[in-house]
Amino acid sequence: MAIEQQVRQTVFVDTFTDGLLGPDVEMLGPVADGGYIVWNSTPGCWGPMITPAIRGGHEVSQPVAVAGAEVGDAIAIRIKDIEVTSLATASGNDQPMEGRFNGDPYCAPVCPGCGTEWPSTRVEGIGPESVRCVVCGADATPFTFTNGYTIAFDELHTVGVTVPGHAAHTFAREAARFAALPDNSIQNPILVFAPHDIVALATRLRPFMGQLGTSPSTTIPDSHNAGDFGSFLIGAPHRYALTAQELQEHKTDGHMDVDAVRAGAILICPVKVPGGGVYLGDMHALQGDGEIAGHTCDVSGTVTLHVEVMKGIGIDGPVLFPLVEDLPFLARPLSEEERARAVALGRRYGVGELERSLPVSVIGTGPDLNSATDNGLARAASLLGMSVPEVRNRATIAGAIEIGRHPGVVQVTFRAPAERLESAGLLAYAVEQYGGEN
């Protein structure tokens, strides 16, 4: 792994991996501790999913080393800005194409015509049979839609409307332009499929990053750097197979699809390789909790991050400080009026002083939502020196369990005692987000 030695205050990224992450992937930078990373990101899911030469299911940005970040540290990432640049995109519920992959259509595609693994392809025409193997000419996409749509965005990127077939075909003829694909992207833009099963549905945009985190400590396909998709690697028949123990040890859960990972949030990520290897991708224009269709509106865009090394913060997975408006109702800091009422009520029953507590959101992942919740509860308990039953109680009466992605990413969010946050090295970030009087 080569790392440039000149430390830069700002690193600009417009290059991408072949869908793999890990210690063998070359990093850019290093960026200074306290510096900035500016990215031009590609659409995440569907374009890479119909581009079998991309080996990870997504097309993520080349990782950036952070000066001074060592294994066992953490990196605090302040998301300063996310801007969508795509004019339109297409998405929908997927169906893998049998006979076109070796155990996993995301990271082990095979041409059904000539048997080439990860075949190079070209686009011929419009529609779900337009992706063709350059070796034999066979229809080579590993995925098709069960129900899909094409959606256009307004000039301010505040609203979107799903369009009829004639408009979808117009976008398909200039798919790279309407997707605003970065120059170095190699994906086949999903707009070429021109799906239009849902027409005239209007919705709002609220962009966020489906992938944002640090590099795993072994080679992992980028979309599988989490406990749910990662479980597909356990005992897999292809070269990226891992054991359950290897997956747990090496993954960093950078693929979250948590819609609160948006501009204004602070994300704390584990460092499992020297330099950390901060990366991102899979930008979404919008998403309901759970990403229940399996995919949402993947877009190109620009992202600005501020990064800061946290020495000796030995976390296993991400910790998030969302915007106040993204917190569950019970996890939000009390207003002055609510606090005054609580103080008066406490005094009535012998409580001399209220606990000072602030919100924190711990990410949990696993093969299913139950195991992801258990993982998040255990991580929160370990992080804050509590028992799991106490975390369960706090998440019930002063927080919530929220679904990031079905089948297995959750947020365990609750107000935690300030002294526990301080012991974990997190209090300053909580105060930065939510103020100190809670």
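The rules we used
As a convention, each chain's residues are numbered from 1 in the sequence order in which they are written. It should be noted that, the model being predicted, local features are given only for residues of pLDDT at least 70 and side-chain atom pairs only at 80 or more, the latter also being counted only at that level, while totals for whole chains, interfaces and linings use all residues. The side-chain quantities take in all heavy atoms of the structure and omit both hydrogens and water. Nonpolar cores were defined as sets of buried Ala, Val, Leu, Ile, Met, Phe, Trp, Tyr and Cys residues, with membership established by side-chain atoms within 4.5 Å. For the exposure calls, accessible area comes from a 1.4 Å probe over protein chains only, and a residue counts as buried if that area is under 20% of its type's maximum, exposed if over 50%, partly exposed in between. Each helix corresponds to a stretch of at least 4 residues labelled H or I by DSSP, and each strand to a stretch of at least 2 residues labelled E; elements are numbered beginning at the N terminus. Whether two residues are in contact is decided by their heavy atoms, any of which lying within 4.5 Å being enough. Side-chain rings of Phe, Tyr and Trp (the six-membered ring for Trp) are treated as a pair once their centres are within 6.5 Å; stacked means planes under 30 degrees apart, edge-to-face means over 60, and tilted covers the remaining angles. Here, a charge over a ring means that NZ of Lys or CZ of Arg falls within 6 Å of the ring centre while also lying within 35 degrees of the ring normal.

A. Quick look at the nonpolar core. Trp-39, Leu-212 and Leu-305 are the most contacted members of the largest nonpolar core, which has 42 residues in total. In terms of residue count, the dominant contributor to this core is strand 5 (residues 74–84) (5 residues). Beyond its immediate sequence surroundings of up to four residues, Leu-212 is in contact with Ile-77, Ile-79, Gly-254, Met-256, Val-261, Leu-267, Tyr-279, Leu-280 and Leu-305. In terms of nonpolar packing, the next biggest core, distinct from the first, is built from 34 residues, Ala-381, Ala-395, Val-412 and Tyr-434 among them.

B. Looking closely at the packing of aromatic side chains. This model, assessed by the stated rule, comprises 8 aromatic pairs. Between Tyr-106 and Phe-143, the aromatic rings sit 4.9 Å apart at their centres with planes inclined by 55 degrees, giving tilted as the arrangement. Highlighted residues: Tyr-106 in the loop between strand 6 (88–96) and strand 7 (121–123) and Phe-143 in strand 9 (residues 143–153), separated in sequence by 37 residues. Grouping residues by exposure puts Tyr-106 and Phe-143 together as buried. With a centroid separation of 5.5 Å and 70 degrees between ring planes, the pair formed by Phe-229 and Phe-232 is classed as edge-to-face. On the basis of relative accessible area, Phe-232 is assigned to the partly exposed category, the value being 42%. Put simply, the rings of Trp-46, Tyr-106, Phe-143, Phe-145, Phe-193, Phe-229 and Phe-232 pair up and form one aromatic cluster. The ring of Trp-118 has Arg-55 sitting right over it, with the charged end atom 3.9 Å from the ring centre. Taking the ring centre of Phe-178 as reference, the NZ or CZ of Arg-177 above it sits at 4.4 Å.

C. Quick peek at unusual backbone geometry. Cis peptide bonds are those with omega within 30 degrees of zero, and the linkage from Gly-29 to Pro-30 qualifies with 10 degrees. Assignment of secondary structure puts Pro-30 in strand 3 (residues 28–41). Put simply, His-406 and Pro-407 share a cis peptide bond, and its omega is 25 degrees. Counting through the fold element by element, Pro-407 comes out in the loop between strand 19 (399–405) and strand 20 (409–417). One non-glycine residue, Asp-253, lies in the positive phi region at around 60 degrees. Relative to the elements of secondary structure, Asp-253 occurs in the loop between helix 4 (244–250) and strand 14 (266–270). For Asp-253, a relative accessible area of 0% puts it in the buried group. One non-glycine residue, Asp-257, adopts positive backbone phi at about 55 degrees.

So, to be careful, I would describe these as geometric facts and stop short of saying anything about function.
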